[in-house]
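Descriptive structure summary
These are the residues of each chain, in order.
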Amino acid sequence: MSIVNATPDTIKNAAACLKTGGLVAFPTETVYGLGADAHNSEALKRIFTAKNRPQDHPLIVHLASFAQFEQWAQDIPSSAAVLAQHFFPAPLALILKKHPRVNTTVTGGQETIALRVPNHPVALGLLEAFGGGIAAPSANRFCRISPTQALHVQQELGERVDMILDGGACHIGVESTILDLSTGLPMLLRYGHITQSELESVLGLNVLIPDALRKSTVKTAGMMRIHYAPTTPAMLCEHDAIPHFMQANPQMRIGVLCCGEALDSPQHGSVISLPANPVIYAQHLYAKLRELDALKLDVILVQTPPQTEDWRAINDRLAKATHNFREH
Ligand code: TXA
Ligand code: MG
């Protein structure tokens, strides 16, 4: 599907497309989303088909403001309002008890719902023009790297999407932080740009990290072990081990993603370097993984980034992108 520049006119067309059950890919601050009318079950089913995503994986509903949350959720705790006041619009999705009139297609059959107000002018413009909730998973095939540019969406989904709104590259680059507020004990379900410490300091409460997230196993798709993966086998590698790997495998076509200073190129392959700054690194991570993946090399070595909290979302995504290779 062709990509159109996001302008007031094309955003209006996109909203009309959503109203008739169409699928519109649009930029958010985190990654591009594949949007559909969150009240239209047929349109929602098209999302699952387009992504090859199982229907029991719940979608995030995007809203223009926190004021709309009460149409989608019930028993909203005061902690949600505190977070909204402090952060919104923001790369933060809140899990709440769903409103009885919300269709369970969007929640994957669950009694809870994920809601967020994206911090991107095109996403907010589309939400305003549409006037309702837009369900939008990342606009990639299931278990693949999320798109951070309109072109990535086209490569991932092609004709499966009715319209792709181009709003440039996403400035956060990794998916939103997901916080579960549905149980009374705030629980982090997905690491993102907004960290556990930031949430705790705004809430004045402890935020739990389930073992499942620590170990990156199942509950949400974001916690699935094989997720965000390039098609080339990818492997995390400490800085000093990279030259050894190259020397030991002179015939291998090797891609390297450095963190900080670039290492020397392998005999065959390519080296890409990202700055050792977690904000800039996250912005470019998925695009660089895609670039290396497109070279159809034998392996991608990802230099292990620092392990501090500001790198946690990145390390989480990298652990998943390299999981296959570590297992086998
Ligand atoms: O940054 C983002 O959140 C992007 C942009 C497009 O907004 N969207 C995104 O959506 O990452 P998706 O579908 O790729 O990931 C949504 C995650 C999934 O892991 C899903 O399982 C989880 O949110 N989720 C949604 N509703 C949930 C619920 N009721 N309970 C637990 N997890 C839920
Ligand atoms: Mg996703």
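Residues numbered from 1 in each chain as written. Chains lettered and ligands numbered in written order. Predicted model: local features only at pLDDT ≥ 70, side-chain atom pairs only at ≥ 80, totals over all residues. Heavy atoms only, no water.

In this structure, L83, L92, L94, L179 and Y281 are the most contacted members of the largest nonpolar core, which totals 71 residues. The biggest single contributor to this core is helix α9 (residues 278-294), with six residues. Each of domain 1 (3-203) and domain 2 (234-327) contributes no fewer than three residues to this core. In contact with L179, not counting residues within four places along its chain, are L83, L92, A93, L94, I95, P186, M187, L188, L199, L203 and V207. Among the nonpolar cores identified, the runner-up in size contains 17 residues, and F26, A64, V122 and L126 belong to it. (Core = buried A, V, L, I, M, F, W, Y, C linked by side-chain atoms within 4.5 Å. Buried < 20%, exposed > 50% of the residue type's maximum accessible area, 1.4 Å probe, protein only. Helix = DSSP H or I, 4+ residues; strand = E, 2+ residues; numbered from the N terminus. Domains from an automatic or database assignment. Contact = heavy atoms within 4.5 Å.)

The full count for this structure, using the stated rule, is eleven salt bridges. Between K288 and E291 there is a salt bridge whose closest N-O contact spans 3.2 Å. Taken together, the residues K288 and E291, both in helix α9 and three residues apart, mark about one turn of the helix. We classify E291 as partly exposed; its relative accessible area is 41%. (Salt bridge = Lys/Arg side-chain N within 4 Å of Asp/Glu carboxyl O.)

Tracing the sequence through the fold places S138 in the loop between β8 (134-135) and α5 (150-157). In this structure the side chain of S138 is engaged in a polar contact, spanning 2.6 Å, whose partner is the side chain of N140. The contacts of S138, once residues within four sequence positions are left out, are V31, Y32, G33, L34, K51, S146 and P147. (Polar contact = N/O pair within 3.5 Å; in protein donor to acceptor, adjacent residues only side chain to side chain.)

A separate point is the packing of α9 against helix α10 (residues 312-321). It is at 10 Å that the axes of α9 and α10 come closest, and there the two elements cross at 30°. By the angle between their axes, α9 is roughly parallel relative to α10. Where α9 crosses over α10, the handedness of that crossing is left-handed. Two secondary-structure elements touch here, α9 through P278, Y281, A282, L285 and Y286 and α10 through I314, R317 and L318. Each residue belonging to the contact of α9 with α10 can be placed in one class, and the counts come to seven nonpolar, no polar and one charged. (Axes fitted to C-alpha atoms, helices over the stretch in contact; angles between N-to-C directions. Parallel < 35°, antiparallel > 145°, perpendicular 65-115°, else oblique. Left-handed = near helix turned anticlockwise from the far one by under 90°. Nonpolar A, V, L, I, M, F, W, Y, C, P; charged D, E, K, R; others polar.)

With that out of the way, let us pick up the packing of aromatic side chains. With the rule as written, the count across this model stands at four aromatic pairs. A centroid spacing of 6.2 Å and a plane angle of 70° characterise the contact between F66 and F88, whose relative ring orientation is edge-to-face. Separated by 22 residues along the polypeptide, F66 in the loop between β4 (60-62) and β5 (73-74) and F88 in the loop between α3 (78-87) and β6 (92-98) bring together distant segments of the chain. Accessibility expressed as a relative area gives 25% for F66, which makes it partly exposed. Taking the centre distance of 5.7 Å and the plane angle of 55° together, the rings of F69 and F88 count as tilted. A residue pair is termed long-range when its members are at least 10 positions apart, and F69 in the loop between β4 and β5 and F88 in the loop between α3 and β6 qualify at 19 residues. With respect to burial, F69 and F88 carry one shared label: buried. Feature note: the residues F66, F69 and F88 constitute an aromatic cluster, connected by ring pairs. (Phe/Tyr/Trp six-rings, centres within 6.5 Å; stacked < 30°, edge-to-face > 60°.)

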